[in-house]
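Here are the chains, one letter per residue:
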Amino acid sequence: MDTVIETKRLILRPWEDRDAPALFKYAKDERVGPIAGWPVHTSIEHSLDVIHSVLSAPETYAVIPKETGEPAGSIGIMFGTDATLGNMKPCEAELGYWIGVPFWGRGLIPEAVEKLLERCFEILDCNTVYCGYYEGNDRSRRVQEKCGFRYYRTETEHIDMCGVKHVEIFNRITKDEWRIRRGLEMK
Ligand SMILES: CC(C)(COP(=O)(O)OP(=O)(O)OC[C@H]1O[C@@H](n2cnc3c(N)ncnc32)[C@H](O)[C@@H]1OP(=O)(O)O)[C@@H](O)C(=O)NCCC(=O)NCCS
């Protein structure tokens, strides 16, 4: 059965074909995709294709503010070779996310990240979760800082889906760090 996750202000659920117009509305903005490593969407058909080819991956969720009821962004947990970071172990995961410009600055992605960290550590049995951002993407850096990630390593030769080379900074949080942060007793 499809996983549907609820937070205070969000529903996270798998992407559906009918989401293509909403996806296009936010993904056509050049401030969103390129800084995350993927191209600006050029049509609703392009967005539908991305739903089929990319956003249909397991543990990838449309980020739906309850106030609008339609997808405004995406968040996903990636494993193994699907992750950007190489040499991932089976008990490790990487998070990726974005949200449409009208929703920036309201803490919605941190709210989604906190919930998916809980899923990674409590349900999916992860012991470390990574998250990266391209050098200069201070908004994403802040999300990771606020959610308890700490510096792991820098990769200087990352080539994105548009063929552009970036310096990518990876942060990580371990299960123990997450439990301490949540005030939970360590097992
Ligand atoms: C990065 C991103 C996901 C942050 O999501 P969000 O829900 O807006 O996160 P927050 O509300 O916590 O804001 C994060 C930071 O963005 C900055 N910010 C907030 N509102 C902003 C606005 N309207 N315009 C520009 N920057 C803004 C602030 O520095 C904020 O940090 P602060 O809480 O210390 O002030 C979102 O900006 C985005 O989708 N950007 C484009 C795609 C992208 O970068 N994805 C991540 C790839 S690694």
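Here, every reference points to the structure presented above.
A short tour of the structure in this document, coming up.

## With respect to the overall build of the chain
Okay, step 1: Scanning the chain from terminus to terminus reveals 5 helices and 8 strands.
Okay, step 2: Starting at the N terminus and walking to the C terminus, you meet the elements of the chain as β-β-α-α-β-β-β-α-β-α-β-β-α.
Okay, step 3: Relative to a compact globule of 187 residues, whose C-alpha radius of gyration would be 16 Å, the chain shows 16 Å and is just as compact.
Okay, step 4: Here the C-alpha coordinates of the chain stretch approximately 50 × 35 × 30 Å along the principal axes.
Okay, step 5: With 187 residues in all, the chain has 33% of them scored as buried.

## Re the sheet that holds strand β4 (residues 73-78)
As a general point, the strands of a sheet are linked pairwise by backbone hydrogen bonds and lie either parallel or antiparallel.
Okay, step 1: The sheet built from 8 strands is open, its strands ordered β1-β2-β3-β4-β5-β6-β8-β7 with mixed pairing. With partners counted over all chains shown, the strands left at the sheet margins are β1 (5-6) and β7 (150-159), one partner each.
Okay, step 2: Here 7 bridges tie strand β6 (residues 128-134) to strand β8 (residues 165-174), and the two strands are oriented antiparallel to one another. Residue pairing across strands places Y130 opposite R172, the latter belonging to β8.

## Considerations on the site of the ligand
Okay, step 1: Among the 20 residues in the neighbourhood of the ligand, the closest are listed as W98, G105, I109, R139 and R142.
Okay, step 2: Ranked by residues supplied to the shell around the ligand, first place goes to helix α4 (residues 138-146) with 5 residues.
Okay, step 3: Here the residues of the shell around the ligand sort into 12 nonpolar, 4 polar and 4 charged.

## Some points on the nonpolar core
Okay, step 1: Core analysis: the biggest nonpolar cluster contains 40 residues, and V63, A112, V113, L117 and V129 have the highest contact counts within it.
Okay, step 2: Put simply, the parts of the chain that give this core at least two residues each are β2 (10-13), α1 (20-27), α2 (44-53), β3 (60-65), β4, β5 (92-99), α3 (108-122) and β6.
Okay, step 3: Per element, the largest residue contribution to this core is 8 residues, and it comes from α3.
Okay, step 4: The contact partners of L117, leaving out residues within four places of it in the chain, are V129, C147, I173 and W178.

Reading guide: rules and limits
- Residues numbered from 1 in each chain as written.
- Predicted model: local features only at pLDDT ≥ 70, side-chain atom pairs only at ≥ 80, totals over all residues.
- Helix = DSSP H or I, 4+ residues; strand = E, 2+ residues; numbered from the N terminus.
- Rg over C-alpha atoms; globule rule 2.2 N^0.38 Å.
- Buried ≥ 20, exposed ≤ 12 C-beta atoms within 10 Å, placed from the backbone.
- Pairing = 2+ DSSP bridges.
- Near = placed C-beta within 6 Å.
- Nonpolar A, V, L, I, M, F, W, Y, C, P; charged D, E, K, R; others polar.
- Core = buried A, V, L, I, M, F, W, Y, C linked by C-beta atoms within 7 Å.
- Contact = placed C-beta atoms within 7 Å.

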